[in-house]
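# A look at the structure
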Amino acid sequence: MLVVGSANADIVVPVERHPRVGETVIGGDHYRAAGGKGANQAVACARLGARTRFVGRVGDDDHGRLLIDALTHDGIELSGLRVTDDAPSGLALIVVGPDGDNSIVVSPGANARLSRGDLDGTGIEGAGAVLLQLEVPLGTVEAAASRARGLVVLNPAPAVPLPSALLARTDVLVPNRGELAVLAGANDEPASIDEAADLARSLDVVDRMVITLGADGAVVVEHGTVTHVPAHSVVARDTTAAGDAFCGALSVALLEGADLVAAARWARVGAALAAERVGAQPSLPTRDEVAEVAPA
Ligand code: ADP
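Source: prediction; values computed, not measured.

## With respect to the site of the ligand
Around the ligand sit 17 residues in total, of which N176, T212, G214, G217 and A271 are the nearest. Contact distances for the ligand include 2.8 Å between an oxygen atom and a backbone N or O atom of G214. Contact between the ligand and G217: an oxygen atom at 2.9 Å from a main-chain N or O atom of the residue. Protein contact buries 81% of the 550 Å² of open area that the ligand shows by itself. For the shell around the ligand, the secondary-structure elements that each account for two or more residues are helix 7 (242-255) and helix 8 (260-276). Residue composition of the shell around the ligand, by class: nine nonpolar, seven polar and one charged.

## Looking at the side chain of R57
The topology assignment puts R57 in strand 4 (residues 53-59). When its relative accessible area of 7% is taken as the criterion, R57 is described as buried. A polar contact of 3.0 Å, which involves the side chain of R57, links it to the side chain of T84. Among the polar contacts made by the side chain of R57, one reaches the side chain of D118 at a distance of 2.7 Å. What R57 contacts, discounting residues up to four positions off in sequence, is L81, R82, T84, D86, A110, N111, R113, L114, S115 and D118.

## Digging into the pattern of salt bridges
The final tally for this structure, using the stated rule, is 15 salt bridges. For D118, the salt bridge goes to R82, with nearest N and O atoms at 3.0 Å. With D118 in the loop between strand 7 (102-107) and strand 8 (129-132) and R82 in strand 5 (residues 81-84), the pair connects residues that are 36 residues apart, well separated along the chain. Across the salt bridge formed by R277 and E289, the nearest N and O atoms sit 3.1 Å from each other.

Rules and cut-offs
- Residues numbered from 1 in each chain as written.
- Predicted model: local features only at pLDDT ≥ 70, side-chain atom pairs only at ≥ 80, totals over all residues.
- Heavy atoms only, no water.
- Near = heavy atom within 4 Å.
- Polar contact = N/O pair within 3.5 Å; in protein donor to acceptor, adjacent residues only side chain to side chain.
- Areas by Shrake-Rupley, 256 points an atom, 1.4 Å probe, with all protein chains shown as cover.
- Helix = DSSP H or I, 4+ residues; strand = E, 2+ residues; numbered from the N terminus.
- Nonpolar A, V, L, I, M, F, W, Y, C, P; charged D, E, K, R; others polar.
- Buried < 20%, exposed > 50% of the residue type's maximum accessible area, 1.4 Å probe, protein only.
- Contact = heavy atoms within 4.5 Å.
- Salt bridge = Lys/Arg side-chain N within 4 Å of Asp/Glu carboxyl O.

Read these as layout, nothing more, since geometry by itself doesn't imply function.
Printed below as a string of structure tokens:
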């Protein structure tokens, strides 16, 4: 598994209420954790037992060292991770309200410098599966998809309209509701499973898609055939990285030869376990934990 994407230091501050423009509010103690969709998805894959490589950039700073330590701790192969001296590490400032509602500012920093050239020597051509998101420059994502010879899974987050060549090279697209609406040029997010399936069908350049619907689970649309995969029922405490857990698990299952519906049924367990636990990378489950719920 090769993941090309972002790594961010998450700085999280709990607040009683979110500040208005021009206002200062006093928050609780902050904590710092490793995050970023790319790094989270790499950790998700590695914990599920896939031999995983990560291609990205961090700055030559304290946040960068935290990010490298976190990836190393999960046994991720980092020869494609570049420490860049022209930008600080990516940073996400996350303010979390009492109901878990959050406001986030992301400063991409080094992630914005990840270039097509950074793919050289990473072995991307030989990877069995390549997992991509959109927190690094779009040109780099396009180059990664076109150089990959294995399975290409794209989580189009954060959403932007995508060139049709990139969609055409994507084997499996994994948007959430809002991302699907942006890709399909719809004004509103799909409100039901049927609406999600209709929007997915309108993007006819992609044959295989899994739309994640939070607590409503996911919809698999494969060559026009629709299958609803309900969420695995848990008491959700923090859904941060549930989507990353889902994308990682789906990709690992596909790499191991599962069909798309079976892969989504396995991924829903990994995602639910991540939603049940607090934090981004700390909440991502191991293979044994998923197997306890969903024996192979
Ligand atoms: P994102 O976090 O990327 O917006 P979603 O909110 O759609 O993604 O969640 C991704 C997946 O995580 C869902 O398809 C579902 O399987 C799982 N999930 C999310 N929220 C819950 C929940 N409350 N209970 C169980 N599973 C959940």
